[in-house]
Amino acid sequence: MSIQEYIKSNILQRNVKFDVMDTLDPCKLALDWITKTDPLQLDVSGANLQQQYVFSLLSYEYSEDNDLDWHSDNTHCKWMGVVCQYGNVIKLELASKKLTGGIPPKIGRLEYLEVLDMSSNSLLGTLPPELGNLSNLTKILLQYNDHLSGSIPPEIGGLQLLTTIDLGFNNFTGTLPAELGNAIALTAILMMRNKITGPLPTEIGKLSVLEEIDVTDNDLNGTIPRKLGDLNGLTRIHLYSNSLSGSLPSEIGGLHSLKDIDMRSNSFFGTLPSELGHLKELTSLQIQGNAFNGTVPSELGNLVQLTRLDLTINKFTGSLPTDIGNLSNLFMLFAPSNQLTGTLPSKIGLLQNLQVFSVGINY
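Residues numbered from 1 in each chain as written. Predicted model: local features only at pLDDT ≥ 70, side-chain atom pairs only at ≥ 80, totals over all residues. Heavy atoms only, no water.

What follows covers the pairing of strand 1 (residues 82–85). Across four bridges, strand 1 lies against strand 2 (residues 88–93) in antiparallel orientation. Its bridge partner lying in strand 2, Val83 is registered against Lys91. Counted along the chain from strand 1 to the antiparallel partner strand 2, the turn is two residues long, and its residue Tyr86 has a positive phi close to 55°. (Pairing = 2+ DSSP bridges. Helix = DSSP H or I, 4+ residues; strand = E, 2+ residues; numbered from the N terminus.)

With that out of the way, let us pick up the pattern of salt bridges. As enumerated under the stated definition, the model contains six salt bridges in all. Between Glu251 and Arg226 there is a salt bridge, with the nearest N and O atoms lying 2.7 Å from each other. Linking Glu251 in the loop between strand 15 (243–246) and strand 16 (260–262) with Arg226 in the loop between strand 13 (219–222) and strand 14 (236–238), this pair joins segments that are 25 residues apart in sequence. Shared partners join several salt bridges into a network, and the residues in it are Glu212, Asp214 and Arg236. (Salt bridge = Lys/Arg side-chain N within 4 Å of Asp/Glu carboxyl O.)

Attention now moves to the state of the cysteines. In a disulfide, the sulfur atoms of two cysteines are covalently bonded to one another. This structure, assessed with the given rule, holds one disulfide. Paired by a disulfide, Cys77 and Cys84 hold their sulfur atoms 2.1 Å apart. Across the disulfide from Cys77 to Cys84, rotation about the S-S bond amounts to roughly -90°, and the bridge is consequently left-handed. Classification of Cys77 as partly exposed rests on a relative accessible area of 24%. (Disulfide = S-S within 2.5 Å. Buried < 20%, exposed > 50% of the residue type's maximum accessible area, 1.4 Å probe, protein only.)

A few words now on the nonpolar core. Note on soluble globular proteins: their nonpolar side chains tend to be buried together. Ranked by internal contacts, the top residues of the largest apolar core, which has 84 residues, are Leu92 and Met191. At the level of elements, helix 3 (49–61) and strand 2 are the ones that each hand at least two residues to this core. Per-element tally for this core: the top contributor is helix 3, with three residues. Excluding its chain neighbours within four sequence positions, the residues that come into contact with Leu92 are Phe55, Leu58, Gly81, Val82, Ile107, Leu110, Leu113, Val115, Leu116 and Asp117. Of all hydrophobic cores here, the second largest spans five residues; its members include Cys27, Leu31, Tyr53 and Leu57. (Core = buried A, V, L, I, M, F, W, Y, C linked by side-chain atoms within 4.5 Å. Contact = heavy atoms within 4.5 Å.)

We now examine the pairing of strand 2. As defined by bridge partners, strand 2 adjoins strand 4 (residues 115–117) across three bridges and the pair is classed as parallel. Note on strand 4: the bridge partner recorded for Glu93 is Asp117.

Within the open sheet, the seven strands sit side by side as 11-13-15-17-19-21-23. Their pairing is parallel. Two strands lie at the open edges of the sheet, namely strand 11 (197–198) and strand 23 (339–340), each paired on one side alone. Note that strand 21 (residues 315–318) and strand 23 share two bridges and pair parallel. Note that in strand 23 the partner of Gly318 across the bridge is Leu340.

As a further point, take the side chain of Asp310. Relative to the assigned elements, Asp310 resides in strand 20 (residues 308–310). Of the polar contacts made by the side chain of Asp310, one reaches the side chain of Gln288; its length is 2.8 Å. Polar side-chain contacts of Asp310 include one of 2.5 Å to the side chain of Thr312. For Asp310, the contacting residues outside a window of four places in its chain are Leu285, Gln286, Ile287, Gln288, Met332 and Phe334. (Polar contact = N/O pair within 3.5 Å; in protein donor to acceptor, adjacent residues only side chain to side chain.)

Spatially, four strands are ordered 3-5-7-9 in an open sheet, and the strand pairing comes out parallel. The open sheet terminates on both sides in strands that have one partner only, identified here as strand 3 (100–101) and strand 9 (171–172). Where strand 5 (residues 122–125) meets strand 7 (residues 147–150), two bridges bridge the pair, whose relative direction is parallel. The partner of Gly125 across the bridge, within strand 7, is Leu148.

Under the criterion given, the structure shown has three aromatic pairs. Taken together, a centroid distance of 4.2 Å and an interplanar angle of 10° make the contact between Tyr144 and Phe169 stacked. Separated by 25 residues along the polypeptide, Tyr144 in the loop between strand 6 (139–141) and strand 7 and Phe169 in the loop between strand 8 (164–166) and strand 9 bring together distant segments of the chain. For Tyr144, a relative accessible area of 43% translates into the label partly exposed. Centre to centre, the rings of Phe268 and Phe292 are 6.1 Å apart; their planes meet at 15°, and the pair counts as stacked. Taken together, the residues span a long stretch of sequence, with Phe268 in strand 17 (residues 267–270) and Phe292 in strand 19 (residues 291–295) at a distance of 24 residues. Taken together through their ring pairs, the aromatic side chains of Phe268, Phe292 and Phe316 make up a single cluster. (Phe/Tyr/Trp six-rings, centres within 6.5 Å; stacked < 30°, edge-to-face > 60°.)

Geometric descriptors of this kind do not, in isolation, establish any biological role.
Laid out in structure tokens, this is it:
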């Protein structure tokens, strides 16, 4: 079998006619380099032919105005940003390399890949579903590309070793795929500043080792699934600036590792569950810009690690509970634009770490 036939059947998996292909087509350029320029001059029996072709293809997919210096050495394992183990590519570390263009589907042929980091570039286009073929992948880091778009492929949910997916600061649309709940090794889901719609999938509650979820500044709607209360290792939940609604489920009080809650600028309503007082590790609670009502639970006084408490722009009534004075680590306390009445608890004056304090206008 010739190299051309091998590439057509085993890599491109389609009947390509190289001889009539545009001379600037990346598939043709990669083939020409493999057959004419590549110092290794691999044949079809070479174990690295597939990887060498895929990397040659990648190099031609991106514009020449980047910080890569590929094709400079005789093997892709020596190319910038490529990490190999026993001749197999296990890491693509291409952050901040001025890359433009899309992510080619053929990246799914790098079967040993563990880390894909192409963050802080100018990539565009959609995520290829072929990423779901990378069964050894542990990290997908594509944040800060601005122009990546389209929906998140549900095939990513089949990656059983995936621990981190960061797609923040792009233009992804569509919903969060329920299949993410099958990626059982996930510890971080980071999707901030996209245009993702729909609800938070209930299936996320199956991710028993999840530590962080950040979907700040999207267009999510619906309520917080009660199943999130099963995520005992969760330390940070950021839902800021969406269109989420409903009341906070009391099950959140069972998240004993939680340190940071940011639910600002949504449409949540109802009373705050007293179970929030069980979150003894919590350092920041920001819920401003919602429609929470009722009294501020006295149980918040149990949050002795709390440094930031922001209740601004809600519909809280009654007076601030005396137990707020127990928060000896509190640095910032905001509660203006509510319907609070009564006098301030005198114990607030004893909070020696309190530097920023405002109750502003209440009526």
